[in-house]
Amino acid sequence: MLMADDKTKPTIFLDKVSKSFITRQRPSGVKGLFSWGKKQVNQAVKGVSLTVSQGRIVGLIGPNGAGKTTLLKILTGIIHPDSGQVSVLGEIPHHRRPHFLQQIGFLMGNRNYLWWNLPAIDSYNLLKIIYQIPDDVFDQNLKLFSGFLDVGRYLYDKPIRELSLGERMRCQLLAVFLHLPKLVFLDEPTLGLDIIAQDKMRDFVKFYAARFKPTIVLTSHYLKDIEILAQQVVILNHGHILFNDSLSKLRSKVSTDKEIVFETILNDPGPVKTLIKKHKLSPYLQSINLPEITFIAPQPLASQLIQIITNNLPVSDIKISSIDIEVIIKRYFQNV
Amino acid sequence: MFKVFLRLWHIGHFFLKDSLAFRSQFFISKLMEVTSLLVMIIFWYAILISHGVKFGSYSPHTMLSYFLYTFITQQIIASTRLNTIGDSIISGQFTRLLLYPISPLPLFLAWEIVFKLFSTLTSLVYLIPIIFFLKSYLVLPSAASSWLALAFFILGILIFALLTLIISAVGFFSTETWSATFLFWVLAGFLNGQYFPLDLLGPALTLNPFAYINYWPSRILLGSVDFISPFFALFVGVGWLIIIYFIFKLVWSRGLKSFAGWGN
């Protein structure tokens with residue numbers, strides 16, 4: 001599944017990769033003590049084929065249990081695939097050759113990458129030794145990245161365990177990028193962060209991508225991360241790839257709908273409801289949160305809808321936009 | 001080569017820093033060591049020296065020395081941080097080590113060696129005065145036996161580290177390591193000569209792999225060994241080291257293959 005503009009050797013190449021986990025479901029209580037339990041095979045990744053070329057930012061999305069993290073673990077060599085062919089940066093990841101590991105960075109949003117009882121700077125110094133980062137490069141990157149992520153204040157004194165989640169995540173992000181990886185995997189990098197911290201993380205990833213041109217594979221349940229950062233979207237469900245293309249292609253595939261928000265000067269929803277009933281607009285109505293009324297309608301109907309509303313209600317402003325990525329993905333899953 | 005060594009030294013130094021993040025805990029553990037050593041000396045002094053009890057070829061003074069030396073070997077050879085790896089496999093923290101561009105074994109050994117050096121140096125603070133105070137009751141090693149003992153110490157450290165890593169690998173196959181680890185070290189505690197000189201039960205028992213953790217280094221420090229050649233014991237020990245290394249390789253390669261990277 002090569003993208004149209006892929007001309008160079010791919011950074012990531014997966015061919016019919018599968019991975020399953022065996023679990024045992026034991027009866028609860030004392031009964032469970034005397035039973036091996038029923039063997040269950042959970043097929044996390046099923047025959048996935050994917051190609052990502054150098055320098056792209058790929059958003060991997062899908063519901064919980066879709067196989068996103070398992071796929072990232074295969075790509076980083078943490079786990080071995082059961083079958084299929086995997087090549088990342090020209091290497092087989094689970095051979096874990098130092099040359100390969102030297103070029104990748106992996107942030108797991110739900111896992112602590114730094115050493116819990118020590119200040120972040122100690123973990124960075126360890127990474128400096130392990131990745132053999134020259135002194136000047138280390139100092140330069142630390143200064144640049146800590147300034148960008150605004151973490152300079154708590155790098156030296158506070159152990160990681162005493163930092164807030166947002167501070168910790170920013171410190172972790174810095175650690176992942178410190179050795180200037182060519183290929184970065186970000187698994188839920190904005191998990192549990194407030195809006196400001198999320199923005200900082202996204203800005204940093206954008207900055208790094210623009211400056212160092214790495215390949216980035218990103219998973220996130222905050223689809224805004226994908227919308228802002230990713231050039232290529234891969235939708236994964238039940239271990240299968242359902243879609244692999246650009247976000248604009250996904251939009252056009254799912255729908256050409258527009259979101260239309262009318263700002264009125266009404267205090268009473270009564271006239272709005274009457275008008276909607278009269279013109280049979282309820283299938284397009286999303287919400288009435290006065291002073292705002294929101295509709296989602298197919299593009300050909302949008303102008304007709306605007307005419308009806310503006311002719312009959314006191315409208316002070318109209319906003320028309322493409323529908324939100326969350327709605328697109330929801331619709332995509334409803335259609336498959 | 002020097003660069004590699006320096007790199008491992010720095011890594012070991014970092015892990016030591018992490019181990020000492022809670023300094024009070026470290027000082028309390030040292031206090032525990034001193035207390036248990038004093039209790040042991042008083043106990044065996046009362047039984048052996050005061051009553052002149054003799055076990056086989058072991059005179060009261062030799063026996064007291066043996067127990068003191070097994071305590072020292074326990075502090076040097078069997079003090080470890082590698083026993084936390086099993087839990088880190090289960091908790092998922094082990095994953096970060098797999099991402100480092102350095103294979104886990106040298107990383108573990110660097111960690112272990114620096115920790116042992118520090119632990120030994122800090123133990124000397126109380127061991128030197130105690131040995132000085134008890135010197136008239138002890139059989140002190142000669143220069144020749146000290147050098148031979150050093151070879152057994154190195155062998156013991158390597159065997160112990162690999163055995164600890166093998167038992168830690170239980171974490172790859174089970175969600176609980178505690179019971180298996182406990183069972184393993186109870187057996188090892190019996191076979192390593194920590195509680196009694198193994199040759200009292202027959203020379204054959206002295207050639208088991210666990211004997212290199214406590215028995216052999218302590219026995220060599222006591223001086224002449226008449227029932228078996230120490231060099232033969234050293235040769236057998238190296239054989240065990242090779243076998244244990246291959247078991248370690250096998251268990252860990254299977255473990256890493258089945259590693260699912262669960263945890264938080």
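First, a word on scope: everything that follows refers to the structure included in this document. The model shown is predicted, which means the values in this text are computed figures rather than measured ones. (Residues numbered from 1 in each chain as written. Chains lettered and ligands numbered in written order. Predicted model: local features only at pLDDT ≥ 70, side-chain atom pairs only at ≥ 80, totals over all residues. Heavy atoms only, no water.)

Observations regarding the overall build of chain B
What counts here: Numbering of helices and strands runs from the N terminus, with a helix taken as a DSSP run of H or I at least four residues long and a strand as a DSSP run of E at least two residues long. Both definitions apply: the radius of gyration is a C-alpha atom measure, and the globule rule equals 2.2 Å times residues to the power 0.38. Note on classification: 1.4 Å probe, protein chains only; a residue is buried when its accessible area is under 20% of the maximum for its type, exposed when over 50%, partly exposed between these limits.
Helices and strands together make up the secondary structure of chain B, namely 11 helices and zero strands. Listing the helices and strands of chain B from first to last along the sequence gives α-α-α-α-α-α-α-α-α-α-α. Taking 264 residues into account, the globule formula puts the C-alpha radius of gyration at 18 Å, and chain B, at 19 Å, falls close to it. Each of the three principal axes of chain B carries a C-alpha extent, and together these read 60 × 40 × 40 Å. Classification of the 264 residues of chain B by burial places 52% in the buried group.

Looking at helix H9 (residues 178-191) of chain B
All names here are of chain B. Cut-off, in case you're wondering: The length a helix should cover is 1.5 Å for every residue beyond the first. Directions pointing from the helix axis toward each C-beta atom define the arc. Pairs of residues are marked as contacts when any of their non-hydrogen atoms sit within 4.5 Å.
Helix length check: H9 (14 residues) gives 20 Å between terminal C-alpha atoms against 20 Å at 1.5 Å per residue, within 8%. Within H9 the residues assigned to the buried category are Phe-184, Ala-188, Gly-189 and Leu-191. Summarising the axial view, the buried residues of H9 lie within an arc of 165 degrees, below the 170-degree limit, and thus occupy one face. Away from its buried face, by an angle of more than 90 degrees, H9 presents the exposed residues Trp-178 and Leu-183. Against the buried residues of H9 lie helix H7 (143-168). Directly beyond the C-terminal end of H9, a positive phi value near 80 degrees is found at Gly-193.

Description of the packing of aromatic side chains
The test is simple: Any two of the Phe, Tyr and Trp rings considered here, Trp counted by its six-membered ring, make a pair once their centres fall within 6.5 Å; the pair's planes then place it as stacked at under 30 degrees, edge-to-face at over 60, or tilted in between.
Tallying each qualifying case throughout the model produces 41 aromatic pairs over all chains. Ring plane angle 45 degrees and centroid distance 6.1 Å describe the contact between Phe-204 of chain A and Phe-207 of chain A, whose orientation is recorded as tilted. Of the two residues, Phe-204 of chain A and Phe-207 of chain A are both situated in helix H6 (residues 195-212); the distance of three residues between them amounts to about one turn of the helix. Judged by its relative accessible area of 0%, Phe-204 of chain A falls in the buried class. Arranged with centres 5.7 Å apart and planes meeting at 70 degrees, the rings of Tyr-245 of chain B and Phe-246 of chain B form a pair that is edge-to-face.

Details of the packing of helix H2 (residues 23-49) of chain B against helix H6 (residues 104-134) of chain B
All names here are of chain B. Using the following cut-off: A fitted line through C-alpha atoms serves as each axis, taken over the contacting stretch for helices, and the angle formed by two N-to-C directions is quoted from 0 to 180°. Each angle gets one of four labels, with under 35 degrees taken as roughly parallel, over 145 as roughly antiparallel, 65 to 115 as roughly perpendicular, and the rest as oblique. Two helices crossing with the near one rotated counterclockwise from the far one by less than a right angle form a left-handed crossing, whereas a clockwise rotation gives a right-handed crossing. Classification convention: Asp, Glu, Lys, Arg as charged; Ala, Val, Leu, Ile, Met, Phe, Trp, Tyr, Cys, Pro as nonpolar; all other residues, Gly among them, as polar.
Contact geometry of H2 with H6 gives a least axis separation of 11 Å together with a crossing angle of 30 degrees. Viewed along their axes, H2 and H6 adopt a mutual orientation that is roughly parallel. Where H2 crosses over H6, the two elements pack in a sense that is right-handed. Of the residues in H6, those in contact with Phe-26, Lys-30, Glu-33, Val-34, Leu-37, Leu-38 and Ile-41 of H2 are Phe-118, Ser-119, Thr-122, Ser-123, Tyr-126, Leu-127, Ile-130 and Leu-134. Partitioning the contact of H2 with H6 into residue classes produces 10 nonpolar, three polar and two charged.

So, the nonpolar core
Nonpolar side chains in soluble globular proteins tend to end up buried together. Stated formally: Residues grouped as a nonpolar core are buried Ala, Val, Leu, Ile, Met, Phe, Trp, Tyr and Cys residues, joined through side-chain atoms within 4.5 Å.
Counting 173 residues, the largest nonpolar core has Tyr-124 of chain A together with Phe-94, Tyr-100, Trp-216 and Trp-252 of chain B as the members making the most contacts within it. A total of 14 residues in this core trace back to one element, the largest contributor, which is H7 of chain B. Residues in contact with Phe-94 of chain B, not counting those within four places in the same chain, are Ile-85, Ser-88, Ile-89, Phe-108, Phe-172, Trp-252, Leu-256 and Phe-259 of chain B. In this structure, Ile-260, Ile-293, Ala-297 and Leu-305 of chain A belong to the second largest nonpolar core, which totals 16 residues.

Comments concerning the pattern of salt bridges
Residues and elements named next belong to chain A. Here is the rule: Whenever Lys or Arg places a side-chain nitrogen within 4 Å of a carboxyl oxygen from Asp or Glu, that contact is recorded as a salt bridge.
Inspection of the entire model under this criterion finds 14 salt bridges over all chains. Note that Arg-202 is salt-bridged to Asp-199, the shortest N-O span being 3.1 Å. Of this pair, Arg-202 and Asp-199 both sit in helix H6, three residues apart, which is roughly one turn of that helix. Look at Asp-199 and you get partly exposed, because its relative accessible area is 33%. Each of Asp-150, Arg-153 and Lys-200 takes part in salt bridges that share partners, so that together they form one network.

A few points about the sheet that holds strand E11 (residues 285-289) of chain A
Residues and elements named next belong to chain A. Short version of the rule: Note on pairing: DSSP must find at least two bridges between two strands before they are called paired.
Across the sheet, which stays open at both edges, the four strands sit in the order E11-E12-E10-E13 with antiparallel pairing between neighbours. The open sheet terminates on both sides in strands that have one partner only, identified here as E11 and strand E13 (315-322). Between one strand and the next, the sheet's axes are offset by a mean angle of 15 degrees, whatever the strand orientation. Helix H9 (residues 270-278) contacts E11 and strand E12 (292-297) of the sheet and is inclined by roughly 165 degrees relative to E11. Docked against the sheet, helix H10 (residues 299-312) engages strand E10 (258-264), E12 and E13, running at close to 10 degrees with respect to E10.

Regarding the pairing of E11 of chain A
Residues and elements named next belong to chain A. Strand direction decides the pairing type here: E11 and E12, joined by four bridges, are antiparallel. Looking across to E12, one finds that Leu-285 is bridged to Phe-295. In textbook terms, the turn of a hairpin is the stretch between consecutive antiparallel strands, and for E11 and E12 this stretch comprises two residues.

Here we look at unusual backbone geometry
Residue and element names in this part refer to chain A. Here the amide bond leading from Leu-290 into Pro-291 is cis, since omega sits at 10 degrees, within 30 degrees of zero. For Pro-291, the location among the structural elements is in the loop between E11 and E12. We note that Asp-150 has phi near 55 degrees; this positive angle belongs to a residue other than glycine. Locating Asp-150 in the fold gives a position in the loop between helix H4 (135-149) and helix H5 (165-177). In the Ramachandran plot, Lys-280 falls in the positive-phi region, its phi being about 50 degrees despite a non-glycine side chain.

Looking at the interface of chain B and chain A
We count it as follows: Throughout, the accessible surface (probe 1.4 Å) given up by two parts as they are put together, summed over both, is called the buried area. Think of a polar contact as two N or O atoms within 3.5 Å of one another; within protein, one of them needs to be a possible hydrogen donor and the other a possible acceptor, and neighboring residues in sequence only count if both atoms come from side chains.
Listed by partner, the interface residues are 28 residues for chain B and 31 residues for chain A. Of the roughly 2,800 Å² buried at the junction of chain B and chain A (both faces included), carbon and sulfur atoms supply 65%. When the buried surface of chain B facing chain A is broken down by residue, Phe-14, Leu-99 and Pro-101 of chain B rank first, second and third, together holding 25% of it. Counting every contact that joins chain B to chain A gives one salt bridge. Here Lys-17 of chain B and Asp-122 of chain A are joined by a salt bridge, their closest N and O atoms 2.8 Å apart. One can count six residue pairs in polar contact (both at pLDDT 80 or more) joining chain B with chain A. For the side of chain B that touches chain A, the secondary structure elements donating two or more residues are helix H1 (2-19), helix H5 (94-99) and helix H11 (230-258) of chain B. Ranked by residues supplied to the side of chain B that touches chain A, first place goes to H1 of chain B with seven residues. Partitioning the side of chain B that touches chain A into residue classes produces 16 nonpolar, seven polar and five charged.

What about the packing of H7 of chain B against H9 of chain B?
All names here are of chain B. At a closest axis distance of 10 Å, the pairing of H7 and H9 adopts a crossing angle of 145 degrees. Contact residues: Phe-160, Leu-163, Thr-164 and Ile-167 in H7; Ala-180, Thr-181, Phe-184 and Trp-185 in H9. Residues belonging to the contact of H7 with H9 are distributed by class as follows: six nonpolar, two polar and no charged.

On their own, these measurements won't tell you what the molecule is for.
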